[in-house]
Amino acid sequence: MRVVVAEDTAILRAGLVQLLEEEGYQVVAAVPDAEQLRVAVLEHGPDLVVSDIRMPPTHTDEGLRAVIDLRSANPKLAVLIFSQYVETQYASRLLAGGSAGVGYLLKERVLDAQDFIDALERVAAGGTALDPEVVNQLMGASQTRSSVDELSPREREVLALMAEGRSNAAIATGLVVTERAVEKHVANIFLKLDLPVSAADHRRVLAVLRHLGA
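So, how was this worked out
- Residues numbered from 1 in each chain as written.
- Predicted model: local features only at pLDDT ≥ 70, side-chain atom pairs only at ≥ 80, totals over all residues.
- Heavy atoms only, no water.
- Helix = DSSP H or I, 4+ residues; strand = E, 2+ residues; numbered from the N terminus.
- Buried < 20%, exposed > 50% of the residue type's maximum accessible area, 1.4 Å probe, protein only.
- Contact = heavy atoms within 4.5 Å.
- Phe/Tyr/Trp six-rings, centres within 6.5 Å; stacked < 30°, edge-to-face > 60°.
- Lys NZ or Arg CZ within 6 Å of the ring centre and 35° of its normal.
- 1 Å grid on protein atoms, 1.4 Å probe; cavity = no way out; pocket = protein on both sides within 12 Å on 5 of 7 lines; lining within 4 Å.
- Points joined across faces, edges and corners; volume = space filled by probe spheres on them.
- Nonpolar A, V, L, I, M, F, W, Y, C, P; charged D, E, K, R; others polar.
- Salt bridge = Lys/Arg side-chain N within 4 Å of Asp/Glu carboxyl O.

Asker: I'm lost on the overall build of the protein in this one. Help?
Answerer: Check the secondary structure of the protein and you find 11 helices and six strands. Buried residues in the protein amount to 48% of all 214 residues. Across the protein, the fraction of contacts at a sequence separation of at least 24, relative to all contacts at a separation of at least 6, is 65%.

Right under this line is the structure:
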């Protein structure tokens, strides 16, 4: 797995490179800004990009906008946003383009290196890895949508866990309910949101996130 890392903090960039290489990933480039990220992806054609959001020159949203452009050019490119911030507008645009192979983790909430690697592996395999706080803020940004307002509190909980990429079995364990109960909640969610039901978890997450990011 060939990876490009984009992080403007030198120490963190070096730490990410070391961690990835120890796990068997090939880091083909490690760059400090979004422009060099674009160049590195064009030059190396990586399988995966790990990028911060706020980088030079303005330290606003350069990294996320670069990732959106790169995914638009190559939808199969797996990307993991690793940042201190939740940027709902551009995150919604990124996820609306397809959540397969997309991750968004918050730095201060990743307390274990293995959790980071596990999320990275899900994204690299075409899955989704979203911090619950990212999901909450995306859902909060869509509260004016009447279809979301129709969801029950329990359905909102299930929707948030779905958006994190969890299976029905994992949701049932987390909420301490039966898997059959989760299946009913999922069916109700798709019905209320007017979204097609799919047996493939990554496709249902894609549908949910397209709705949230619309």
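Asker: What am I meant to see in the side chain of Asp131 here?
Answerer: Here Asp131 lies in the loop between β6 (128–130) and α6 (132–141). In this view, Asp131 contacts Tyr104, Leu105, Leu106 and Arg109; residues no more than four positions away in its chain are not counted.

Asker: Explain the packing of aromatic side chains to me, please; I cannot follow it from the model alone.
Answerer: In this description, a pair of aromatic rings is defined by centroid distance and the angle of the planes. Enumeration according to the criterion identifies one aromatic pair in this entry. Look at Phe82 and Phe116: their rings are 4.9 Å apart centre to centre, the planes differ by 55 degrees, and that puts the pair in the tilted class. Separated by 34 residues along the polypeptide, Phe82 in strand β4 (residues 78–83) and Phe116 in helix α5 (residues 113–124) bring together distant segments of the chain. One Lys or Arg, Arg54, reaches over the ring of Tyr85 and ends 3.6 Å from the middle of that ring.

Asker: Which parts of the structure should I look at to understand the layout of surface pockets?
Answerer: To locate leftover empty space, one rolls a probe as large as a water molecule over the atoms. The calculated volume of the largest pocket comes to roughly 290 Å³. In terms of lining residues, the largest pocket is bounded by 14 residues, among which Leu105, Arg122, Leu130, Asp131 and Pro132 are the most central. Secondary-structure elements contributing two or more residues to the lining of the largest pocket are α5 and β6. Counting residues per element, the lining of the largest pocket draws most heavily on α5, at four residues. Along the lines of polarity and charge, the residues of the lining of the largest pocket split into seven nonpolar, one polar and six charged.

Asker: Would you mind going over the pattern of salt bridges with me for this structure?
Answerer: Any two side chains of opposite charge can pair if their charged atoms end up close together. For the structure on display, the rule yields seven salt bridges. One salt bridge in this structure joins Asp69 and Arg38, with 2.9 Å as the shortest N-O distance. Within this pair, whereas Asp69 is found in helix α3 (residues 62–73), its partner Arg38 is found in helix α2 (residues 34–44), the two being separated by 31 residues in sequence. Here Arg109 makes a salt bridge to Asp131, at a shortest N to O gap of 2.8 Å. Here the residue Arg109 occupies a position in the loop between β5 (102–106) and α5, and Asp131 occupies one in the loop between β6 and α6, the gap between them amounting to 22 residues. Arg109 sits in the partly exposed class, given a relative accessible area of 43%.

Asker: I tried to follow the environment of Gly101 on my own but got confused; where do I start?
Answerer: When you line up the elements, Gly101 lands in the loop between α4 (88–96) and β5. Residues Gly101 and Gly126 lie 25 residues apart in sequence; the distance between their C-alpha atoms is 4.0 Å. Beyond its immediate stretch of four places on either side in the chain, Gly101 contacts Arg71, Leu77, Ala78, Val79, Val123, Gly126 and Gly127.

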